[in-house]
Every structure is written in structure tokens, then in C-alpha cells.
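Chain by chain, the residues run as shown.
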Amino acid sequence: MAEALSPITRQVTKENQELWVPSVDYRLEDVEDCLIYDRHGSSVPFKNLYQDRKSVIIFVRNFLCYTCKEYVEDLSKIPKEALENADIRLVVIGQSAYHHIEQFCSLTGYPYEIYVDPERCIYQKLGMKREEKFSDSANPSPHVKSGMFMGQMKSIWRAMTSPAFDFQGDLHQQGGAIIAGPGSQVHFSHFDMNRLDHMPINWLLQLAGVQQTLDFSDKPKIIHV
């Protein structure tokens, strides 16, 4: 019997979309039985997200992080028909307690699937970074509109006014994105180096097979008449 091949994962740099370098070596089989929780506290195995169809799975830092909030706000702008036409499932995973999900979705307008991994089982087993590493050559995220000072002030204010005062996840944990399925095949992976290192959403969608290019700019649209 032929030996099964491990999925090939790659990390793409934002300096050049065509430049591919090896990423962390992992197998989805190592995390497929990790439990994730929905907004009601019901658990499902992680493998349920990608067994039957291709899925774009976004791991965020914590729900109080202003960069994650603004990134997920842009995810919420993806038209449902764009995902349906490409037969793609879009999922966000956080690392807070499940009771923060509802408030985060209300805040961001995010309408698609969202779960939490409060024990950071998947984050740790996939080798996602903890602490931050910045590079002078890194491009700014097209999805983060707030400056660092004001963004952090907004995060602190949300923490103070939250019904359950906590940090809604490990503040040092970084996130990432994978495209996987159907089955345990990994098509692409990107692990964030810092809070601004999100994979551009249009790149993710194109890699997953979405044909439509979306405009996430916050600049006002000019209509010529």
C-alpha cells in the first residue's frame, strides 16, 4: 500500500504575491478532532468545517483586537452569492469563550459561520505564532483603517464596557488563514506574524476559486452622471 502523502502548505508574502516559501509543516489529521464551539456553546469537531467542501478558515487573535474587528468587518462585505457560486464555506474562528460570539457578530456585521477554540488547541497544534514580529518591509493591511493608538483605545474601551470584562482571548496569540477541503487536503496556509499581517481577503478568495474581485476601500465612491 502506497504511503499517504502529507499535504503541502505554503506561506505567501505580501511583498510579492507570486513569491512562495515553505510554511510550518503540519497535518490536518492532527487537529481534526479538536472541539470548537458555536455561539450557543454547542461543540463540533474541527474536521466538520472542511470534510464535505472547500473552506476558507480565518483564525483571529482575540475579539477585542481592533485589527481583527476591522478585518472581520471586511469579511462581512463578501456577497453570499460569491461564496455560493464557488461552492466555498467561509468560517471565522476565535479563541475566546463562546458567549462573546454574539456581541462580536453584532459589532462587525459578520453573517457567516463563526466558532471559538477557547483552549487554543488548534492554534497550538498548527503552530500559529505567539508574540509579534514586525518587519520594516511589510505592507500595511488593506483592511485595517484605524491607527495603532486609536485602535488600542477603542479595544480598551470595548473591554471596559463589555458585560463580561475580560480580554476575550490570549492577547499574545496570533492568527492565520487556511484553505482546506474537501477531505483533509490543505490548499493554502498563512500564519500571521503580527496583528497587521492578515492575508488580503481578495487573495484568499482568488486562491479558493472565487472569480469576483471585491472593493474593500473605505474611500467614498464617485458616481459619474
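Residues numbered from 1 in each chain as written. Predicted model: local features only at pLDDT ≥ 70, side-chain atom pairs only at ≥ 80, totals over all residues. Heavy atoms only, no water.

### Some thoughts on unusual backbone geometry
Quick note on the threshold: Strands are runs of DSSP state E lasting at least 2 residues, helices are runs of H or I lasting at least 4, and numbering of each runs from the N terminus.
Cis geometry is found at the peptide bond from G181 to P182, where omega equals -5°. Structurally, the position occupied by P182 is in the loop between strand 8 (176–180) and strand 9 (186–191).

### Details of the packing of helix 1 (residues 66–75) against helix 3 (residues 101–108)
Worth spelling out the cut-off: To get an axis, fit a line to the C-alpha atoms, keeping to the stretch in contact for a helix; angles then go from 0 to 180 degrees between the N-to-C directions. Definitions for this section: a left-handed crossing has its near helix turned counterclockwise from the far helix by less than a right angle. A right-handed crossing has that turn clockwise. We call two residues in contact whenever any of their non-hydrogen atoms come within 4.5 Å of each other. Under the grouping applied here, Gly and all other residues not named as nonpolar or charged are polar, the nonpolar ones being Ala, Val, Leu, Ile, Met, Phe, Trp, Tyr, Cys and Pro and the charged ones Asp, Glu, Lys and Arg.
For the pair helix 1 and helix 3, the least separation of the axes is 9 Å and the interaxial angle reads 65°. Here helix 1 and helix 3 pass one another in a crossing that is right-handed. Along its contact with helix 1, which presents C68, K69, V72 and E73, the element helix 3 presents F104, L107 and T108. Its residues assigned to classes, the contact of helix 1 with helix 3 comprises four nonpolar, one polar and two charged.

### What to know about the packing of aromatic side chains
In this description, a pair of aromatic rings is defined by centroid distance and the angle of the planes. Just so we agree on the cut-off: Stacked, tilted and edge-to-face pairs are distinguished by plane angle, under 30 degrees for stacked and over 60 for edge-to-face with tilted covering the rest, among Phe, Tyr and Trp rings (Trp via its six-membered ring) whose centres lie within 6.5 Å. Accessibility here uses a 1.4 Å probe with only protein chains present; expressed as a share of the type maximum, an area under 20% marks a residue as buried, one over 50% as exposed, and anything in between as partly exposed.
Within this structure, the stated rule accounts for five aromatic pairs. A ring pair is formed by F59 and Y123, whose centres lie 5.3 Å apart and whose planes are at 80°; its orientation type is edge-to-face. Within this pair, whereas F59 is found in strand 5 (residues 54–59), its partner Y123 is found in helix 4 (residues 121–126), the two being separated by 64 residues in sequence. For the pair Y110 and Y112, a centre-to-centre distance of 5.9 Å together with 75° between the ring planes defines the contact as edge-to-face. Comparing Y110 with Y112, the two get one shared label, buried. Each residue in the set F46, Y50, F59 and Y123 is aromatic and connected to the rest through ring pairs, giving one cluster.

### Examining the confidence of the model for the protein
How we decide: On a scale of 0 to 100, pLDDT captures the predictor's confidence in every residue.
Per-residue pLDDT for the protein averages 80, and the proportion of residues at 70 or more is 72%. When the criterion is pLDDT under 50, residues 1–24 qualifies, and its contacts beyond four places in sequence or with other chains add up to 50 contacts. Segment residues 220–225 is flagged for pLDDT under 50; beyond a separation of four residues in sequence, or across chains, it makes one contact in the model.

### Looking at the pairing of strand 8
Along any regular strand, the residues point their side chains to alternate faces of the sheet. Operational definition: Each pair of strands is called paired provided DSSP finds at least two bridges between the two strands.
The element strand 8 is extensively covered by neighbouring structure, given that five of its five residues are classed as buried. Burial along strand 8 is two-sided: G176, I178 and A180 and A177 and I179, pointing in opposite directions, are all buried. Here strand 5 runs beside strand 8; their pairing, made up of five bridges, is antiparallel. Pairing of F59 across the sheet is with G176, part of strand 8. Relative to strand 9, strand 8 runs antiparallel, the two being bridged by five bridges. Within the sheet, the bridge partner assigned to A180 lies in strand 9 and is V186.

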